[in-house]
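Breakdown of the fold
Here is what each chain is made of, one letter per residue.
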Amino acid sequence: MAASGSSARSSLIVQLSPTRSAKLSFTVQIVLALFWLAWASVLLLSQNPTNDQNYFYYAFFGLAIVFLGYVVLQNTSVFGVQSYIEVTRQYIVQKFGVFRTKHIIPIPEISAVHISPLALRITLKDDSKVYLDLKQVRKKKDLEKIKTKIRDLGVEHNFSLTETANYTT
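Counting starts from 1 at the beginning of each chain's written sequence and moves along it residue by residue. The predicted origin of the model limits local features to residues at a pLDDT of at least 70 and limits the giving and counting of side-chain atom pairs to 80 or more, whereas totals for whole chains, interfaces and linings rest on all residues. Where side-chain values are given, they derive from all heavy atoms of the structure, hydrogens and water being excluded.

1. Side note on the overall build of the chain
Which entries qualify depends on this criterion: Strands are runs of DSSP state E lasting at least two residues, helices are runs of H or I lasting at least four, and both sets are numbered from the N terminus onward. Remark: exposure states derive from per-residue accessible area (1.4 Å probe, protein chains only) relative to the maximum for the residue type, with buried under 20%, exposed over 50%, and partly exposed in between. In these tables, accessible area is a Shrake-Rupley quantity obtained with a 1.4 Å probe, and a residue counts as shielded only by the protein chains included in the view.
Scanning the chain for helices and strands turns up four helices and eight strands. Across the 169 residues of the chain, 33% fall into the buried class. On the chain, roughly 11100 Å² of surface is accessible, and the fraction owed to carbon and sulfur atoms is 60%.

Here it is, written out as structure tokens:
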């Protein structure tokens, strides 16, 4: 039991905020989904049940529910943390939402890391580069935890570590 506790402490998971660069904000998306759902409900309730096109209204209603679910899943943590950065002793994972792929970087494959105020530039041993955007990290304390964990891993796994000074205004 102690082994699982120590491995749990060696893992750092930081939740990310919903993207602020989306074409439509979360509020606009949720309003559109609710409007769509209300419109589909009105169509279903106001039509004659013997109407031949009634199944289109059920399909319209079902798609409205699916879209509402998508918006809620993608932008909130109602169903758990969906967007996160995880740093462990074996790998770094970045995930930007339910329907997006995970980006997994094995720690032994890292040759260098450059830490800037809102990003990590990771160079792998095969000379490929990975850019981890940290703009969506919610708290400055969490941002500093990630950077500290990367610094510790740099010492432990002996990869080159450079850093850009933080500018505060």
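2. Regarding the pattern of salt bridges
Worth spelling out the cut-off: Basic side-chain nitrogens of Lys or Arg form a salt bridge, by our definition, when they fall within 4 Å of a carboxyl oxygen of Asp or Glu.
This structure, assessed with the given rule, holds three salt bridges. A salt bridge links Glu156 to Arg89; the nearest nitrogen and oxygen atoms lie 2.7 Å apart. Pair noted here: Glu156 is in helix H4 (residues 140–157) and Arg89 is in the loop between strand E2 (83–87) and strand E3 (91–96), with a separation of 67 residues, a long-range link. What makes Glu156 partly exposed here is its relative accessible area of 41%. Arg151 is the salt-bridge partner of Glu144, the closest N and O atoms lying 3.2 Å from each other. Connected through salt bridges with shared partners, the residues Glu144, Arg151 and Glu163 form a single ionic network.

3. Considering helix H3 (residues 54–75)
Under the convention used in this document: Here a helix's expected span is defined as the number of its residues, less one, multiplied by 1.5 Å. Residue contacts follow a heavy-atom distance rule, with two residues in contact if any of their heavy atoms lie within 4.5 Å.
Its 22 residues give H3 an end-to-end C-alpha distance of 32 Å, which sits within 8% of 32 Å, the value for a rise of 1.5 Å per residue. Along H3, the residues classified as buried are Asn54, Tyr57, Ala64, Leu68, Val71, Gln74 and Asn75. Check the buried side of H3 and you find it contacts helix H2 (26–46) and E3.

4. Structural notes on the side chain of Thr123
Rule in force here: As used in this structure description, the phrase polar contact means that two N or O atoms lie within 3.5 Å; if the pair is within protein, one of them must be able to donate a hydrogen and the other to accept it, and residues adjacent in sequence are counted only when both atoms belong to side chains.
With respect to the secondary-structure elements, Thr123 resides in strand E6 (residues 119–124). Here Thr123 falls in the buried class, since its relative accessible area comes to 17%. Looking at Thr123, its side chain comes within polar contact range of the side chain of Lys129, at 3.5 Å.

5. Structural notes on the sheet that holds strand E8 (residues 160–163)
What counts is decided by this rule: Only when DSSP finds a minimum of two bridges between them are two strands counted as paired. Helix axes use the C-alpha atoms of the stretch in contact, all axes being lines fitted to C-alpha atoms, and the angles between their N-to-C directions lie in the range 0 to 180 degrees.
Strand order in the open sheet made by the four strands is E7-E6-E5-E8, with mixed pairing throughout. Of all strands in the sheet, those with a lone pairing partner are strand E7 (129–133) and E8, marking the two edges. Each strand axis lies, on average, 15° off the axis of its neighbour in the sheet, ignoring direction. Bridge analysis of E6 against E7 gives five bridges, and the strand direction is antiparallel. Bridge pairing links Arg121 to Tyr131 in E7. Most of the contacts of H4 go to strand E5 (residues 110–116), to which it runs at about 150°, and overall it touches E5, E6 and E8.

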